[in-house]
Amino acid sequence: PFGDGDMLDTALFAAVAAGVDDHASLLAGLCDGRAALAPGGPADLVLVPASSIEDAIARRPSGRIVFKAGRQVAGPASV
């Protein structure tokens, strides 16, 4: 294992090392095969304060809000 388990760091390394530049492929590789939210799908997600996936991967900003099964489990108290 390398780093601190930050999936945005993993995304950056994957994009560079594997030459993955397709957003859907990169997201699917990081998100258990899913590249988008879908009705009825698991509500496990992380909100990132970024303007795009490129911005999120380039800056890897803090202040993320984490949801598991639709309930906020980490991050600022109010969304």
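Because the structure is a prediction, the values reported are computed rather than measured. (Residues numbered from 1 in each chain as written. Predicted model: local features only at pLDDT ≥ 70, side-chain atom pairs only at ≥ 80, totals over all residues. Heavy atoms only, no water.)

S.K.: Kindly report on the overall build of the protein, identifying the contributing residues and their values.
M.R.: Scanning the protein for helices and strands turns up three helices and three strands. Taken from N to C terminus, the helices and strands of the protein fall in the order α-α-β-α-β-β. Relative to its length of 79 residues, the protein is compact, with a C-alpha radius of gyration of 13 Å against a globular reference of 12 Å. Judged by the C-alpha coordinates and their principal axes, the protein covers about 35 × 30 × 25 Å. Across the 79 residues of the protein, 13% fall into the buried class. A separation of at least 24 residues holds for 31% of the contacts in the protein among residues at least 6 apart in sequence. Summed over its atoms, the accessible surface of the protein is roughly 5600 Å², and 61% of this surface lies on carbon and sulfur atoms. Charge separation in the protein, taken as the distance between the mean sites of 6 positive and 9 negative side-chain charges, equals 9 Å. (Helix = DSSP H or I, 4+ residues; strand = E, 2+ residues; numbered from the N terminus. Rg over C-alpha atoms; globule rule 2.2 N^0.38 Å. Buried < 20%, exposed > 50% of the residue type's maximum accessible area, 1.4 Å probe, protein only. Contact = heavy atoms within 4.5 Å. Areas by Shrake-Rupley, 256 points an atom, 1.4 Å probe, with all protein chains shown as cover. Lys, Arg positive; Asp, Glu negative; His and termini not counted. Charge placed at Lys NZ, Arg CZ, Asp CG, Glu CD.)

S.K.: Outline the pattern of salt bridges, listing residues and values.
M.R.: Two side chains carrying opposite charge are able to pair once their charged atoms lie near each other. Overall, the coordinates contain five salt bridges when judged by the stated rule. The salt bridge involving Arg60 is made with Asp9; its shortest N-O contact spans 2.5 Å. Here Asp9 lies in helix H1 (residues 7-17) and Arg60 lies in the loop between helix H3 (53-59) and strand S2 (65-68), a separation of 51 residues in the sequence. Of the charged contacts in the structure, one is a salt bridge between Asp55 and Arg59, with a shortest N-O distance of 2.6 Å. (Salt bridge = Lys/Arg side-chain N within 4 Å of Asp/Glu carboxyl O.)

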